[in-house]
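# Remarks on the overall topology
Residues per chain are reported as follows:
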Amino acid sequence: MVRIPDSKKEEILESTDIVALISDYVDLKKSGSSYVGLCPFHDDRHPSFSVNEQKKLYHCFSCGASGDAIEFVKNIENVDFQTALKILADRSGIKLEYENKQEEQQYKKQNRLFEINHDIMMYFYQNLLTNKRPQDYLRYERKLSNKIVNPFVLGYAKDSWNDLLNYAKSKDYLLDDLVKLGLLSKKNGRYFDKLRDRLIFPIFNKSFKVIGFGARILNDSKPKYLNSPESEIFKKRYNLYAFNNAKRQKEKRIILVEGYMDVIALYARGIKYAVASLGTAFTKEQADLLKSFTNDIYICYDSDQAGINATKKAIEIFKEIKLTAKIISLEEGLDPDEYIQKYGVDRFNEKIDDAKDMWDYLFNDVFSKYNQAPDSQKNISFENFIEFIASLKTDSLKEKYMNELEQRLNISKEAIRSDVKNKIIQNKKQENKKQALKEAFKNKKYSNYENKILKDNMIKIDFENSQVRNQIYILKYCIENRGFFLNDKENIYKLITEENLFKILKLLEKDEISNLEELKDQYDHNVIEKLSDLEDIPILDSINRLIKYKIETLWKRPNKEDKGQRVKITKELEELKNHFARGKDND
């Protein structure tokens, strides 16, 4: 573990104004020699949280939370000790000194990138203030006052190939650093501006450092949005747009929306606690970030089919971290920006008040599909109710929705209970099969028992309710064991058909992903071209690794004696294409 000298820790604590620090999170009022407020670590209805400025300590007389500035940052930000120290050091302008020199060099490198991003943010900001084009876009097309610029430090990248390039040269920045940060592009040894004629959205981490940028085109060109690539300082899955603003508000609640403009439109109308994911599907790490701040969370995605699907995926993540979110449902296929422009903030606040908890949302979704099913399919559709109730973790929730189902469909509750019990037993058996298969792949041991699973039960697992889930499961374990070939796992390989691959990409967007265009830039090959109609769908990282592995193995072997292996993999890729074609025809 990296160690920071004790003397540096003491310097950081001594330099930290604990009252100012905690005031960023808690509304404190002077009371005698201390400051008091509502404790941020429990549901505090009466001020029981005290901060002693002289001793530089805090204490809650209700829940017992106490400690110094480091302990406060650890708990309020849900970070480890080292990260808390970094946050406080940055806040006080103290340069950290590490006992591990390699870690110190890494810290200096990251700081350099943070400083570049901050400087470029202010450069874009000045551009917006001095150019009529982006100001008119905000005023007339987005119906926003120019006052919205400051809270988000919005900026403008000029319609030029070298405006930012010339500025970077004037500052003596390493141009390759700006390429890494997604601000410049490099081709044939020449540098040029990557972001042109775009509204700029700086992205801050929870420590208020600029980690990246979003950029929206001001005309009808494509792509509409460009986002900073993953870098040493920008990890999309761990951050949320405008979380730095939301956590400063008195309302300890969050509305999760899809886009930057949704956040800004709500903020402009007084709803200042909206956040958005960063051009990717919502992740567990982002959910953990929200949970560290509040349990009062709303999901308000677009009301089109893509938004509904994204809502269900977000719900699955909140279920995983044992947090119940509420769902704000809009109509007419509108997103929050469009809705609030059309109907106003009062109507949107009514939507917040009418939000359903996620269990009601899922149940009503199943009920809606049941009502739409033809009479001949009612029995099959009814199974979705049983699957839903069986998936619930608490008896109280099961009872609630068994009662609801009994009332709505006039079916005996005991009959429902019996079906649910059988489904739970069935799910448990399927889970045991999955675990056995998982261990078989993990240990790379294929005993007679595991081979029987592979041969006889592979297609049966979850087939009744979700064939696609089965395909995902098989594919993921194939990829994790990179050495698989057709000759020894053909029965698995045949399941990876083109149609199923497309479904996998759509269903697993929450995993680590990269853009199709970025993948195609690196690996231009017929296998990737099979995905060419998925321009706007992010590519699952495991698919990236599969293709990368195949292609690297094929083309990065210079020795002649590897010819046989090259031929073998070439043949395998050809068979892969044939499997795609056959699978599409047969499915």
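Scroll up a little and you will see the structure.
My aim in this report is to walk through the structure given alongside it, one point at a time. If you're wondering where the values come from, they're calculated on a predicted model, not measured in any experiment.

## Re the overall build of the chain
What the chain contains, in helices and strands, is 27 helices and 18 strands. The proportion of buried residues among the 587 residues of the chain is 50%. When the accessible surface of the chain is split by element, carbon and sulfur atoms take 46% of a total near 30100 Å².

## Overview of the sheet that holds strand β12 (residues 254-257)
In spatial order, the strands read β13-β12-β14-β15-β16; together these five strands make up an open sheet with mixed pairing. Of all the strands in the sheet, the pair left with one neighbour each is β13 (274-276) and β16 (356-357). Direction of pairing for β12 relative to β13: parallel, over a ladder of three bridges. Looking across to β13, one finds that L256 is bridged to V275.

## Quick look at the packing of helix α11 (residues 260-268) against helix α14 (residues 336-343)
It is the contact of α11 with α14, at a shortest axis distance of 8 Å, that shows an interaxial angle of 30°. One element, α11, and the other, α14, form an angle in the roughly parallel class. Only P336, D337 and I340 of α14 make contact with α11, whose side of the interface consists of M261, D262, A265 and L266. Here the contact of α11 with α14 is built from residues that sort into five nonpolar, no polar and two charged.

## Some points on the sheet that holds strand β5 (residues 66-67)
Pairing is antiparallel across the open sheet formed by five strands, whose spatial order is β1-β2-β3-β4-β5. Sheet topology places β1 (29-31) and β5 at the edges, where each strand pairs with a single neighbour.

## What to know about a negative patch on the surface
Together, D346, E350, D353 and D354 make up a negatively charged patch on the protein surface. Within the secondary structure, D354 sits in the loop between α15 (345-353) and β16. By relative accessible area, which is 56% here, D354 ends up exposed.

## Side note on the environment of N127
Within the secondary structure layout, N127 lies in helix α5 (residues 101-129). N127 gets classed as buried once you look at its relative accessible area, which sits at 5%. Not counting the four nearest positions on each side in its chain, N127 is found in contact with Y156, K158 and D163.

## Overview of the pattern of salt bridges
The tally for this structure, following the rule as stated, stands at 30 salt bridges. Between R417 and E414 there is a salt bridge, with its nearest N and O atoms 3.8 Å apart. Highlighted residues: R417 and E414, both in helix α19 (residues 413-443), separated by three residues, approximately one helical turn. The class of R417 is partly exposed, set by a relative accessible area of 30%. Of the residues examined, E414 reaches a relative accessible area of 52% and is grouped as exposed.

## A look at the state of the cysteines
Counted by the stated rule, this structure contains zero disulfides. The thiol sulfur of C39 is not disulfide-bonded, and the nearest other cysteine sulfur, from C60, lies at 3.7 Å. Between C60, a free cysteine, and C63, which holds the nearest cysteine sulfur, the sulfur-to-sulfur gap is 3.6 Å. C60 sits in the buried class, given a relative accessible area of 0%.

## Describing the nonpolar core
Of all hydrophobic cores here, the largest spans 68 residues; its most connected members are I120, L154, Y241, I255 and F348. When residues of this core are assigned to their parent elements, the largest contribution, nine residues, is made by α5. Once residues within four sequence positions are removed from consideration, I255 is found in contact with I271, Y273, A274, V275, Y298, C300, I328, F348 and I352. Counting residues in hydrophobic clusters, the runner-up holds 44 residues, among them V275, F282, Y361 and I386.

## Overview of unusual backbone geometry
Backbone torsion omega between K222 and P223 reads -5°, so that peptide bond is classified as cis. Structurally, P223 is set in the loop between β10 (210-217) and β11 (225-227). Phi at K56 is positive, roughly 60°, even though this residue is not glycine. Position of K56 relative to the elements: it lies in the loop between β3 (49-52) and β4 (57-60). Its identity is not glycine, yet D197 carries a phi of approximately 55°, on the positive side.

## Side note on the environment of A242
Note that A242 resides in the loop between β11 and α10 (243-246). Accessibility expressed as a relative area gives 3% for A242, which makes it buried.

## With respect to the packing of aromatic side chains
Within a pair of aromatic rings, the relevant descriptors are the distance that separates the centres and the angle that separates the planes. Scanning the entire structure with this criterion turns up 30 aromatic pairs. An angle of 20° between the planes, with centres 6.1 Å apart, marks the rings of F152 and Y241 as stacked. Note that F152 is positioned in helix α7 (residues 149-152) and Y241 in the loop between β11 and α10, a separation of 89 residues in sequence. Each member of the pair, F152 as well as Y241, carries the same accessibility label: buried. Aromatic side chains F201 and Y225 sit 6.5 Å apart centroid to centroid with 40° between the ring planes, which places their arrangement in the tilted category.

Cut-offs applied
Residues numbered from 1 in each chain as written. Predicted model: local features only at pLDDT ≥ 70, side-chain atom pairs only at ≥ 80, totals over all residues. Heavy atoms only, no water. Helix = DSSP H or I, 4+ residues; strand = E, 2+ residues; numbered from the N terminus. Buried < 20%, exposed > 50% of the residue type's maximum accessible area, 1.4 Å probe, protein only. Areas by Shrake-Rupley, 256 points an atom, 1.4 Å probe, with all protein chains shown as cover. Pairing = 2+ DSSP bridges. Axes fitted to C-alpha atoms, helices over the stretch in contact; angles between N-to-C directions. Parallel < 35°, antiparallel > 145°, perpendicular 65-115°, else oblique. Contact = heavy atoms within 4.5 Å. Nonpolar A, V, L, I, M, F, W, Y, C, P; charged D, E, K, R; others polar. Patch = residues over 30% accessible without salt bridge, like charges linked within 9 Å, V, L, I, M, F, W, Y side chains within 5 Å. Salt bridge = Lys/Arg side-chain N within 4 Å of Asp/Glu carboxyl O. Lys, Arg positive; Asp, Glu negative; His and termini not counted. Charge placed at Lys NZ, Arg CZ, Asp CG, Glu CD. Disulfide = S-S within 2.5 Å. Core = buried A, V, L, I, M, F, W, Y, C linked by side-chain atoms within 4.5 Å. Phe/Tyr/Trp six-rings, centres within 6.5 Å; stacked < 30°, edge-to-face > 60°.

Keep in mind these values describe shape, not function.
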